[in-house]
Amino acid sequence: MGYCTTMNKVGSYDTKFDVIVCGGGTSGVAAAICAARTGAKTLLVERTGALGGQMSVSGPPGFAYARLFNPQGKRDVGGFLEETYQRLYRSGHALPHLRYPVREKAGYGFSYVDPDWWTFLIYEMMEEEEVTLLLDTLVVGVTKEGDTVTGIVVENANGRNEIAGKIVIDCTGEGYVSLQAGVECDIVPRDDVQPHTLAFTVDGVDWEKLLRYVRSHPEQFSFKQLILPFKGANTQEDVVRMYERCYDIKELGELMGFYELRDIALKNGDWHPFSGAGFFLTPKEGGHIQAHFQHSSQVDNCLATDAWDLSRCNIECRKQNMIAWRFFKNYVPGFENAYITKVCTEVRLREGPRIIGDYILTRDDVEEAKQFPDTIGKSSFKAGGYHVASMDTLNHVAATGSSVKQGDVIVNKSALAYPKDGGSYDIPYRCLVPKKVDNLLAAGKCVSTDRPAYLRYVHQTMVTGQAAGTAAALCVKKGITPRQMEQDVSELQSTLVAQGAILFECPES
Ligand SMILES: Cc1cc2nc3c(=O)[nH]c(=O)nc-3n(C[C@H](O)[C@H](O)[C@H](O)COP(=O)(O)OP(=O)(O)OC[C@H]3O[C@@H](n4cnc5c(N)ncnc54)[C@H](O)[C@@H]3O)c2cc1C
């Protein structure tokens, strides 16, 4: 990365834009950069002072980036995500794609990027594409003429102001802007919603000591994500062997379980029962790695759209994190001299409103590995895996007879679906277009899906972000609404393909 002499157009006090992107998380940065790149005068408005959302401000995600190859070993995510990966890889801030045979067969490979350098890169790309940034600014509403959105209302240190936009994109994660615009949304009730989490990172681990424990206790870890219900898929023995023979901890990517130690701690009153024990690995400069704890606190019954719930969640998460951390220090080999380096400032929100769009992607679409004529990207991520903090969290899951285990990722058997034959499904453009309201698009977590098919993973949010930004810019160029674009998505698709996105055949790689 070179030294940049140009400044973002901050302080321009412009009040008219072609495209306004609300929210600067993984979907929002992809949307803004791709809108600007497609020729739109673009504004990105972000509530905090930092870009990155769940990637860096409340993250990193445990597996950033992951699942870029389906269980057939074919690449199904490219485009903006790949561009950022390549740039970080070249500058020494990403690890090579982790594609060991056991992971390959499960489509659960990691492509680790350093989230802090990811954020530096994103700021640099904003400058390159001349996106105007308005940070520390909350979008509190939209302006509308009838059912057509004409701009946004913001509140910040400058007071309350309106900014006009030809197309507005909701990348707030929780559909805040869509709700303000009167879009119908699917909101999981408070007593059913998945728990939220506060993440922290740790340095000073004696990795060799930990690895010796892992190799000699492979049965103490959870690896069900690596065993899929396909012919020729991994067996339990394959995965155990991978743990027994691991000599580089980075190969494991995550360590979840520590069952025996956790159960002793539970008996001693040294563990809280709301989450499983474990962490992910994050790459740092010079080949260093950090342990990243993203599931050590899980607080249920909190609506992402209720500040009182979020306040309670923040308080409780910190208590649970302290308990979890003491457990690692006192019980887990290798953590004796470890120390916390960062506690995220924002809670990671696991589940929020989803818009009702012109198409609702379903669990059955995922299972069929369905292809759509208006595809804007692909995914091979399963549908229907839910996190649970307590037995009350997902009552409906218990009702279906699935095996619910406290503090674990649970599976509603009737909701669970893997794309058939280890393939990938398409994400249709219509999932980004809210019903009734015009000149508004959604990207990221809040796009239109049923609950099991929730497109909330980082790679999925970047795919929908790239598509929404590109579509918005093309709509402005053509003078049409996003809904009118549904009639002919050919230019959108060819533009995305030219940007490296994977829409049709998944390349063998
Ligand atoms: C505990 C947990 C673990 C996860 N682990 C993984 C993982 O391992 N791998 C993976 O791929 N995914 C993981 N995810 C999912 C993934 O990290 C997120 O779902 C994804 O990053 C969301 O992207 P987004 O752009 O939709 O929203 P966000 O990243 O949440 O971004 C939304 C942005 O909008 C801003 N905003 C919100 N409201 C407003 C407003 N009114 N005005 C202005 N700005 C606003 C926010 O400040 C934020 O910056 C995990 C999620 C959770 C909760």
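Residues numbered from 1 in each chain as written. Predicted model: local features only at pLDDT ≥ 70, side-chain atom pairs only at ≥ 80, totals over all residues.

Enquirer: I would appreciate a short explanation of the overall build of the protein chain in the present structure.
Expert: Of regular secondary structure, the protein chain possesses 14 helices and 18 strands. Taken against the 2.2 N^0.38 rule, which gives 23 Å for 509 residues, the C-alpha radius of gyration of the protein chain at 22 Å falls within 12% of a compact globule. Expressed as a percentage of its 509 residues, the buried residues of the protein chain come to 54%. Considering only intrachain contacts with a sequence separation of at least 6, the fraction spanning at least 24 residues in the protein chain is 77%. (Helix = DSSP H or I, 4+ residues; strand = E, 2+ residues; numbered from the N terminus. Rg over C-alpha atoms; globule rule 2.2 N^0.38 Å. Buried ≥ 20, exposed ≤ 12 C-beta atoms within 10 Å, placed from the backbone. Contact = placed C-beta atoms within 7 Å.)

Enquirer: Hey, could you run me through the site of the ligand in this one?
Expert: The environment of the ligand is formed by 38 residues, the closest being G23, G25, G53, G173 and G444. For the shell around the ligand, the elements supplying multiple residues, two or more each, are helix 1 (26-37), strand 4 (138-145) and helix 12 (458-478). In terms of residue class, the shell around the ligand is built from 14 nonpolar, 18 polar and 6 charged. (Near = placed C-beta within 6 Å. Nonpolar A, V, L, I, M, F, W, Y, C, P; charged D, E, K, R; others polar.)

Enquirer: Even after reading the chapter, I still don't get the nonpolar core, so can you show me in this structure?
Expert: Soluble, globular proteins show a tendency: their nonpolar side chains are buried together. Among the nonpolar cores identified, the biggest contains 149 residues, and V19, I169, L441 and A472 are the most heavily contacted of them. The element that contributes the greatest number of residues to this core is helix 12, accounting for 11 residues. A domain-level breakdown of this core finds at least three residues from each of domain 1 (16-56 + 116-187 + 353-380 + 426-498) and domain 2 (200-343). Ignoring any residue separated from it by four or fewer positions in sequence, one finds V19 in contact with A35, A40, T42, G165, K166, I167, I169, A472, A473 and V476. (Core = buried A, V, L, I, M, F, W, Y, C linked by C-beta atoms within 7 Å. Domains from an automatic or database assignment.)

Enquirer: Explanation requested: the confidence of the model for the protein chain in the structure shown.
Expert: Regions with low pLDDT carry predicted coordinates that are not meant to be interpreted in detail. Summing up the model confidence of the protein chain, the mean pLDDT is 91 and the portion of residues at 70 or higher is 93%. A low-confidence stretch, residues 1-8 (pLDDT under 50), is modelled with 11 contacts involving residues beyond four sequence positions or located in other chains. Predicted confidence for residues 391-407 stays below pLDDT 50, and this span has 40 contacts to residues more than four positions away or in other chains. (pLDDT = per-residue confidence, 0-100.)

Enquirer: What am I meant to see in the packing of helix 2 (residues 79-90) against helix 12 here?
Expert: Relative orientation and spacing of two packed helices are given, respectively, by the angle between their axes and the distance between those axes. With their axes 7 Å apart at the nearest point, helix 2 and helix 12 run at an angle of 115° to one another. In contact with G79, F80 and L81 of helix 2, helix 12 contributes H459, M462, V463 and Q466. When its residues are assigned to classes, the contact of helix 2 with helix 12 shows 4 nonpolar, 3 polar and no charged. (Axes fitted to C-alpha atoms, helices over the stretch in contact; angles between N-to-C directions.)

Enquirer: Teacher, can you tell me more about unusual backbone geometry here?
Expert: The phi angle of most residues is negative, glycine excepted, and most peptide bonds adopt the trans form. Going from G59 to P60, the amide bond is cis rather than trans, its omega being 20°. Relative to the helices and strands, P60 is located in the loop between strand 2 (42-45) and helix 2.

Enquirer: What is the right way to read the packing of helix 2 against helix 4 (residues 115-128) from this model?
Expert: Running from amino to carboxyl end, helix 2 crosses helix 4 at an angle of 110°, the nearest separation of the two axes being 10 Å. On the basis of the axis angle, helix 2 is roughly perpendicular to helix 4. Between helix 2 and helix 4 lies a crossing whose hand is right-handed. Listed contacts from helix 4 to T84, R87 and L88 of helix 2 are W117, W118 and L121. (Parallel < 35°, antiparallel > 145°, perpendicular 65-115°, else oblique. Left-handed = near helix turned anticlockwise from the far one by under 90°.)

Enquirer: Whenever I open this one, the sheet that holds strand 11 (residues 289-293) confuses me. Can you help?
Expert: For sheets, the rule is that strands pair by backbone hydrogen bonds, running either parallel or antiparallel. Taken in spatial order, the 5 strands of this open sheet run 9-10-11-8-12, and their pairing is antiparallel. Of all strands in the sheet, those bounded by a partner on one side alone are strand 9 (254-257) and strand 12 (339-343). In this sheet, adjacent strand axes meet at a mean angle of 25° when their direction is disregarded. (Pairing = 2+ DSSP bridges.)

Enquirer: How should the domain arrangement of the protein chain be read in this particular structure?
Expert: By a widely used convention, the size of an interface equals the accessible area lost when the partners come together. Split by domain assignment, the protein chain resolves into domain 1 (16-56 + 116-187 + 353-380 + 426-498) and domain 2 (200-343). On a C-alpha basis, the centres of domain 1 and domain 2 stand 33 Å from each other.

Enquirer: What should I look at first to understand the pairing of strand 11 in this one?
Expert: Across a regular strand the side chains alternate sides, sitting on one face of the sheet and then on the other. Within strand 11, 4 of the 5 residues are buried, which leaves it mostly tucked inside the rest of the structure. In the sheet, strand 8 (residues 200-203) pairs with strand 11 via 3 bridges, with the strands oriented antiparallel. Residue pairing across strands places F200 opposite F293, the latter belonging to strand 11. Where strand 10 (residues 277-283) and strand 11 come together, 4 bridges link them in antiparallel fashion.

Enquirer: Sorry if this is basic, but what is going on with the environment of P419 here?
Expert: On the secondary structure map, P419 appears in the loop between strand 16 (409-411) and strand 17 (425-428). Judged by C-beta crowding, with 25 C-beta atoms within 10 Å, P419 ranks as buried. Between the alpha carbons of P419 and E368 there is a distance of 5.9 Å; along the sequence they are 51 residues apart. Discounting chain neighbours no more than four positions away, the residues touching P419 are V366, E367, A369, S380, S424 and Y425.

Enquirer: Is there a simple way to think about helix 9 (residues 307-331) in this case?
Expert: One turn of an α-helix holds 3.6 residues; hence residues three or four places apart share an orientation. For helix 9, which comprises 25 residues, the first-to-last C-alpha distance of 36 Å matches the rise-based estimate of 36 Å (1.5 Å per residue) to within 8%. When we look at burial in helix 9, the residues that qualify are C313, E316, C317, Q320, N321, A324, F327 and F328. Looking at the buried side of helix 9, the elements it contacts are strand 8, helix 8 (259-267), strand 10, strand 11 and strand 12. (Expected span 1.5 Å × (residues − 1).)

Enquirer: Before we go on, may I ask you to explain the environment of A64 in this structure?
Expert: Its location among the elements puts A64 in the loop between strand 2 and helix 2. For A64 and M256, which are 192 residues apart along the polypeptide, the C-alpha to C-alpha distance reads 16 Å. Not counting chain neighbours up to four residues away, the residues in contact with A64 comprise M55, G59, V113, P115 and V458.

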